[in-house]
Number of protein chains: 2
Amino acid sequence: MSEKHQLTLKDIARELGLAVSTVSRALKSHPDISKETIKLVKDYAEKHHYVPNLLAVNFRKSKTFNIGLIIPELVHQFFSSIISGVIKEANQHGYNVMICQSNEHVDDEKKVAQALLNSRVDGVIISLSNETDEVSHLKEFIAADIPVVQVDKISDLFDTPKVIVNDFAGAYQAVSHFIKSGYRKIAHIRGRLNVQHSNERFRGYAEAIKHEGLSYSEDYIKVCDQLTEEEGYEFAEQLMSLPGPPDAIFCVTDLVALGVMKYLREKNIQVPNQVGVIGFSNWKLGEIISPTLSTVHQPGYELGEKATELLLDKIVNGMDSPNQTVVLNADLIVRESVKNSPAVDGHY
Amino acid sequence: MSEKHQLTLKDIARELGLAVSTVSRALKSHPDISKETIKLVKDYAEKHHYVPNLLAVNFRKSKTFNIGLIIPELVHQFFSSIISGVIKEANQHGYNVMICQSNEHVDDEKKVAQALLNSRVDGVIISLSNETDEVSHLKEFIAADIPVVQVDKISDLFDTPKVIVNDFAGAYQAVSHFIKSGYRKIAHIRGRLNVQHSNERFRGYAEAIKHEGLSYSEDYIKVCDQLTEEEGYEFAEQLMSLPGPPDAIFCVTDLVALGVMKYLREKNIQVPNQVGVIGFSNWKLGEIISPTLSTVHQPGYELGEKATELLLDKIVNGMDSPNQTVVLNADLIVRESVKNSPAVDGHY
DNA sequence: GTGAAAGCGCTAACAG
DNA sequence: CTGTTAGCGCTTTCAC
């Protein structure tokens with residue numbers, strides 16, 4: 001294998017009988033440099049495959065061109081969509097992404113935050129762990145002049161740009177669709193009371209029902225703790241055993257909806273004719289089961305893109321710009337688990 | 001906000017009346033330095049939260065402490081498991097991971113390879129795209145003295161350390177299990193003829209059947225092109241319409257198996273009693289459908305860990321060590337889609 | 001227009 | 001044991 005001493009500015013300068021600084025400026029088409037010299041240098045660089053030593057450039061500029069991304073877990077369709085959006089947007093602007101997992105634990109979150117701080121990332125995007133209820137470890141970034149953007153799972157205690165999904169509108173849309181399709185007794189299996197997502201989805205559910213002049217009984221609201229299929233199954237059983245069982249169930253997430261569908265199938269309750277089901281998140285598996293699951297799509301990829309856009313803006317233009325909160329739409333995807341009444345067809 | 005000029009070695013040297021080099025060496029407990037000085041310096045550094053400037057260190061050492069990871073797609077359970085393993089192992093040794101997607105296109109693969117080359121990563125882990133049939137773009141890494149490790153989707157044209165899954169043994173295990181459970185007419189929906197995975201799984205199928213003194217007819221072998229649920233459904237229909245339909249179907253991947261199960265459910269063919277089904281990959285959704293799907297687990301996380309281990313070895317110890325190929329086991333996970341004959345219980 | 005020189009923070013040979 | 005010195009490759013004043 002040949003000697004692979006990488007070509008440096010010095011080499012080019014020597015060969016061309018120029019000064020290093022001239023070569024450096026020529027390569028960036030500095031106005032001071034004559035057209036001829038620029039051409040000369042650029043041609044030489046191209047011909048000999050000059051590649052700037054990023055290590056040196058970054059050192060000189062005190063920039064790593066790395067941004068940190070802290071998410072609860074990597075192996076998860078929603079989060080990997082976010083990651084994908086972040087990477088694409090970051091790479092497009094010459095930045096790398098350092099991915100860290102908190103595993104939904106605040107201790108891990110603190111550890112990786114410290115690591116990112118030490119490795120001098122240029123900025124950080126974070127989606128908070130479920131356990132996180134104070135943000136001192138994140139404020140250290142701000143203290144070190146490193147911008148932060150929060151995405152999806154955010155905290156009001158921390159003033160940064162934020163990108164979130166409109167859970168309220170998504171839920172509202174789902175429940176309205178139930179009503180337009182002829183369902184009247186709509187139950188909701190919701191998530192924990194202290195989680196913002198769950199509260200917003202619940203609010204969307206309640207508002208949609210109210211807006212249509214309907215009402216729901218407290219019996220129709222069930223609270224999931226772990227958001228598992230088993231809980232869905234369990235709560236479906238409870239709901240369907242009520243004296244007046246619901247004719248539609250809106251679930252806080254797809255996995256819970258699958259548990260519900262499993263129960264209904266076992267009891268030979270027809271979906272969507274006897275009971276309609278809508279989930280939330282648009283997991284791949286909703287397309288695969290039968291009947292296919294109607295759900296509310298969360299635009300993970302776009303969340304990642306947008307968050308990165310906001311972060312790069314802060315990195316490039318400084319921390320002083322105002323901290324906006326961007327809200328992306330969560331849209332209903334209608335599949336077989338909701339019946340298709342004529343009243344609805346008219347609308348779409 | 002206070003001035004946040006980061007503390008440097010120079011600062012410490014000045015404060016302590018020492019030379020910069022002494023401070024540098026003290027911080028790494030160099031044997032030449034006296035215990036007292038070491039303690040003095042370390043205490044000071046600790047007290048004032050000295051953090052080495054990685055940019056400078058890396059520049060000096062010509063090391064980025066970045067490794068590149070090229071995978072076909074991020075939003076995919078198997079690949080995100082690999083990523084997760086790579087990140088964990090890399091971080092543990094002070095390396096970052098730059099993730100790039102080829103989107104299963106060789107053109108994208110070439111582009112990201114070039115980008116990684118330019119950004120001077122210390123090493124690369126790659127899982128080839130389906131389209132990749134020549135590896136000149138990867139050999140450039142070797143020419144630049146950057147070690148490469150291949151994982152899962154590999155090429156024989158490129159001599160590097162490799163980490164793969166024992167597809168043959170996994171398939172063999174699955175089909176043997178069918179036979180031990182009392183199934184005799186076992187079909188196989190396989191993948192493309194030019195894909196190594198598919199061929200190995202087919203070989204495992206064929207060998208297991210042969211070993212048990214059985215045989216299969218060519219009618220029982222179907223070739224999937226896209227590995228979709230639809231193809232599974234389609235081929236299940238074809239298989240079950242044969243004059244002598246199979247009593248078990250081994251599928252090249254879980255998604256195909258789900259298509260098969262969908263067909264069987266619709267035709268009211270009982271799984272597992274009339275027909276047994278086994279998939280491959282251990283996707284999350286196999287646990288959720290009913291009956292739950294037996295499948296062969298591919299250890300993605302472990303693949304990622306092992307590949308990183310091999311890569312770091314090359315990075316640290318140089319490129320000259322021999323290129324080993326590590327084969328990890330793919331183990332059968334028995335769930336409800338295979339009947340539980342007494343003959344089997346005895347074995348496990 | 002171009003060149004000379006300084007310096008980013010750190011490491012490592014070399015010298016005492 | 002510790003200090004001096006040089007230098008990694010690049011950018012950026014400041015001269016000419």
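Residues numbered from 1 in each chain as written. Chains lettered and ligands numbered in written order. Predicted model: local features only at pLDDT ≥ 70, side-chain atom pairs only at ≥ 80, totals over all residues. Heavy atoms only, no water.

As recorded by an unreviewed UniProt entry, chain A carries the name LacI family DNA-binding transcriptional regulator and is attributed to Echinicola arenosa.

Looking at this structure, how should I read unusual backbone geometry?
Negative phi values dominate among residues other than glycine, just as trans dominates among peptide bonds. Going from S290 of chain A to P291 of chain A, the amide bond is cis rather than trans, its omega being -5 degrees. Within the element layout of this structure, P291 of chain A appears in the loop between β9 (276-278) and β10 (295-297). Of note, the bond from V271 of chain B into P272 of chain B is cis; its omega dihedral lies within 30 degrees of zero at 10 degrees. In this structure, P272 of chain B sits in the loop between α11 (254-266) and β9 (276-278). With a phi angle near 50 degrees, S29 of chain A is a residue other than glycine that sits in the positive phi range. Structurally, the position occupied by S29 of chain A is in the loop between α2 (20-27) and α3 (35-47). A relative accessible area of 37% means that S29 of chain A is categorised as partly exposed. With phi around 60 degrees, N268 of chain A is a residue other than glycine that occupies positive phi space. Relative to the elements of secondary structure, N268 of chain A occurs in the loop between α11 (254-266) and β9. (Helix = DSSP H or I, 4+ residues; strand = E, 2+ residues; numbered from the N terminus. Buried < 20%, exposed > 50% of the residue type's maximum accessible area, 1.4 Å probe, protein only.)

Sorry, what's going on with the interface of chain B and chain A here?
One widely used convention gives an interface's size as the accessible area the parts lose upon coming together. Contacts between chain B and chain A engage 46 residues on the former and 46 residues on the latter. The three residues of chain B that bury the most area against chain A are L55, R120 and I288 of chain B, which together make up 19% of that side's buried surface. Where chain B meets chain A, there are zero salt bridges. Summed over the shared surface of chain B and chain A, the number is six residue pairs in polar contact (both at pLDDT 80 or more). Elements that contribute at least two residues to the side of chain B that touches chain A include exactly α4 (54-61), α5 (77-92), β2 (96-101), α7 (136-143) and α11 of chain B. Per-element accounting of the side of chain B that touches chain A gives the leading share, seven residues, to α5 of chain B. Looking at the side of chain B that touches chain A, its residues break down into 22 nonpolar, 16 polar and eight charged. (Contact = heavy atoms within 4.5 Å. Buried area = accessible area lost by both parts, 1.4 Å probe. Salt bridge = Lys/Arg side-chain N within 4 Å of Asp/Glu carboxyl O. Polar contact = N/O pair within 3.5 Å; in protein donor to acceptor, adjacent residues only side chain to side chain. Nonpolar A, V, L, I, M, F, W, Y, C, P; charged D, E, K, R; others polar.)

Help me out: how do you make sense of the packing of helix α10 (residues 229-240) of chain B against α11 of chain B in this one?
Two numbers describe a pair of packed helices, the interaxial angle and the distance between the axes. Residues and elements named next belong to chain B. The N-to-C vectors of α10 and α11 enclose an angle of 50 degrees; their axes lie 7 Å apart at closest approach. Taken together, α10 and α11 sit at an angle that is classed as oblique. Where α10 crosses over α11, the two elements pack in a sense that is right-handed. Residues E229, G232, Y233, A236, E237 and M240 of α10 lie in contact with α11, whose contacting residues are L255, V256, L258, G259, V260, K262, Y263, L264 and E266. Within the contact of α10 with α11, the residues separate by chemical class into nine nonpolar, two polar and four charged. (Axes fitted to C-alpha atoms, helices over the stretch in contact; angles between N-to-C directions. Parallel < 35°, antiparallel > 145°, perpendicular 65-115°, else oblique. Left-handed = near helix turned anticlockwise from the far one by under 90°.)

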